[in-house]
Amino acid sequence: MSQVDSTPSPFTAPPLVSVLGRIGTMEVCLAQTEDEIASSQQLRFKVFFDELGAKGSATMEQRDADRFDPFCDHLLVYDTSIPGPKHKQIVGTYRLLRSEKAFETGGFYSASEYSIDRLVAAKPELRFLELGRSCVLPEYRSKRTVELLWQGIWTYCRHHSIGVMFGCASFHGTVPAAHALPLSFLQHNCRATPDWDVCALPALYQPMDLVPHEAINAKVALFAMPPLIKGYLRLGAMIGDGAVVDRDFGTTDVFIILPVSRISERYISHYAAEAKRFG
């Protein structure tokens, strides 16, 4: 893993409030205890390994865990109507790695697939946040849960003065041609501008322009797009250069770049209101 080339100026934020968002019996918080982090790793194992067939490394306790976890904040969605201790109420999670923490651990997770270090070094005035390991239990995969996750992320971004969000988002399966239409739509319509572009590492690079632009039906392409990627696009995200096949997790990855300055005004207005409530 390459080391991040630069780090933003020192910044220490006060602790966040315990609850970052709430809808009905559901709430989103940051993990506060080892039990909560372990539960989020167990949830990731259920989704990535048991459900989706990942073959990467996992702990004996059936947890999806790696060396980055101790340096990350773990965003958790709870269903408080579930009886029992709080760490048993976790139904969704997102892993958040800020640039200064990535500097401590020697780089970002996604640097194993994409040349993120160059972009970080080119924009030292901005604070970067890597979003990863997003997963939700099947019965909670709804608009409400996604809305709650974004309430939490936006509150977190405002609190830590984040300027750029990024990370890998995935199509299920390791054959890019199986996703030719949505990949080609992303290539022709959503590519990053030169000042924000990030390229897949040469040894891993998979072309995304598999269907000619004139042959793409946008409605069909968007229907075939994973909901997470569609959500990023609605917010104003751009797509990096090239896909990457992750055989451990059984996915075809694309790179998401979302400068906060590009987020649509209507989303800013909505999530800013939630951030004021909980931040």
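Residue numbering note: each chain is counted from 1, following its sequence as written. Local features in this predicted model are restricted to residues whose pLDDT is 70 or higher, and side-chain atom pairs enter the listing and the counts only when it is 80 or higher, whereas totals over whole chains, interfaces and linings include all residues. The side-chain quantities take in all heavy atoms of the structure and omit both hydrogens and water.

The name that an unreviewed UniProt entry assigns to the protein is L-ornithine N(alpha)-acyltransferase, with the source organism given as Phyllobacterium sophorae. UniProt positions are given in the numbering used here, feature names are shortened, and annotations may be inferred rather than shown by experiment. The annotation that UniProt attaches to the protein under Catalytic activity (unreviewed entry) is "a (3R)-hydroxyacyl-[ACP] + L-ornithine = a lyso-ornithine lipid + holo-[ACP] + H(+)".

### Notes on the pattern of salt bridges
A side chain with one charge can pair with a side chain of the opposite charge if their charged atoms come near. Criterion for a salt bridge: a side-chain nitrogen of Lys or Arg within 4 Å of a carboxyl oxygen of Asp or Glu. All told, the structure shown has 14 salt bridges when counted by the stated rule. Note that aspartate 64 and arginine 44 form a salt bridge whose closest N and O atoms lie 2.9 Å from each other. Placement of the pair is aspartate 64 in the loop between α1 (34-51) and β3 (73-79) and arginine 44 in helix α1, with a sequence separation of 20 residues. Here the term buried applies to any residue with accessible area under 20% of the maximum for its type, exposed to any over 50%, and partly exposed to those in between, with areas from a 1.4 Å probe on protein chains only. According to the relative accessible area criterion, aspartate 64 is buried, its value standing at 1%. A relative accessible area of 1% places arginine 44 in the buried class. The closest approach of N and O atoms between glutamate 104 and lysine 101, which form a salt bridge, is 3.8 Å. Separated by 3 residues within a single helix, glutamate 104 and lysine 101 lie in helix α2 (residues 99-105), roughly one turn from each other. Through salt bridges that share partners, Arg44, Asp64, Asp66, Asp69, Arg95 and Arg133 make up one connected network. Each helix is a run of DSSP H or I of at least 4 residues and each strand a run of E of at least 2, with the numbering of both proceeding from the N terminus.

### Points about the side chain of aspartate 246
On the secondary structure map, aspartate 246 appears in strand β8 (residues 244-246). Pairs of N or O atoms within 3.5 Å make up the polar contacts considered here, provided that, within protein, one atom can donate a hydrogen while the other can accept it, and that residues adjacent in sequence are counted only when both atoms are side-chain atoms. Of the polar contacts made by the side chain of aspartate 246, one reaches the backbone nitrogen of phenylalanine 249; its length is 3.2 Å. Contacts: residue pairs with any heavy atoms within 4.5 Å of one another. Leaving out residues up to four positions away in the same chain, aspartate 246 has contacts with Tyr109, Glu113, Thr174, Thr251 and Asp253.

### Examining the packing of aromatic side chains
Stacked, tilted and edge-to-face pairs are distinguished by plane angle, under 30 degrees for stacked and over 60 for edge-to-face with tilted covering the rest, among Phe, Tyr and Trp rings (Trp via its six-membered ring) whose centres lie within 6.5 Å. Taken as a whole, this structure holds 9 aromatic pairs when the rule is applied. Residues phenylalanine 68 and tyrosine 109 carry aromatic rings whose centres are separated by 5.7 Å and whose planes lie at 85° to one another, so their mutual orientation is edge-to-face. One end of the pair, phenylalanine 68, is in the loop between α1 and β3; the other, tyrosine 109, is in the loop between α2 and α3 (116-122), and 41 residues separate them in sequence. You can call tyrosine 109 partly exposed: its relative accessible area is 24%. Judged by centre distance (4.9 Å) and plane angle (85°), the rings of phenylalanine 108 and phenylalanine 166 are edge-to-face.

### Notes on the environment of threonine 251
Residue position: threonine 251 is located in strand β9 (residues 251-259). Assessed through its relative accessible area of 11%, threonine 251 is described here as buried. Linking threonine 251 and glycine 53, residues 198 residues apart in sequence, is a C-alpha distance of 10.0 Å. Those residues in contact with threonine 251, other than ones at most four positions away along the chain, are Ser170, Phe171, Gly173, Thr174, Val244, Val245 and Asp246. Only 2.9 Å separates the side chain of threonine 251 from the side chain of aspartate 253, close enough to count as a polar contact.

### Focus: the pairing of β3
For β3, the tally of buried residues reaches 6 of 7 residues, placing the bulk of the element in the interior. Two elements, strand β2 (residues 26-30) and β3, share 5 bridges in a ladder whose sense is antiparallel. Considered in β3, the bridge of methionine 26 is made with aspartate 79. When DSSP finds two or more bridges between two strands, those strands count as paired. Bridge count between β3 and strand β4 (residues 90-98): 6 bridges; the pairing is antiparallel. From the neighbouring strand, histidine 74 faces β4, where its bridge partner is arginine 95.

### Some remarks on the side chain of threonine 105
Examined against the element boundaries, threonine 105 turns out to sit in helix α2. Among residues more than four places away in sequence, those in contact with threonine 105 are Arg67, Phe68 and Phe71.

### Quick word on the environment of aspartate 79
Its place among the elements puts aspartate 79 in strand β3. With relative accessibility at 6%, the residue aspartate 79 sits in the buried group. Taking the C-alpha atoms as reference points, aspartate 79 and isoleucine 90, 11 residues apart in sequence, are found 6.6 Å from one another. The residues contacting aspartate 79, other than those within four sequence positions of it, are Thr25, Met26, Gln89, Val91 and Tyr140. A polar contact of 3.2 Å, which involves the side chain of aspartate 79, links it to the side chain of threonine 25.

### Some thoughts on the nonpolar core
Within the largest apolar cluster, 62 residues are counted, with the highest numbers of intra-cluster contacts made by Leu75, Leu131, Met165, Leu186 and Val254. Residue contributions to this core peak at 7 residues, all from helix α4 (residues 143-159). Those residues within four positions of valine 254 in sequence are excluded, and the remaining contacts are Tyr114, Gly167, Cys168, Ala169, Phe171, Leu183, Leu186, Met208, Ile229, Ile239 and Ala243. Take the buried Ala, Val, Leu, Ile, Met, Phe, Trp, Tyr and Cys residues and link them wherever side-chain atoms come within 4.5 Å; each set so joined is a nonpolar core. Core analysis: the next-biggest nonpolar cluster, separate from the first, contains 21 residues, Phe68, Val120, Phe128 and Ala200 among them.

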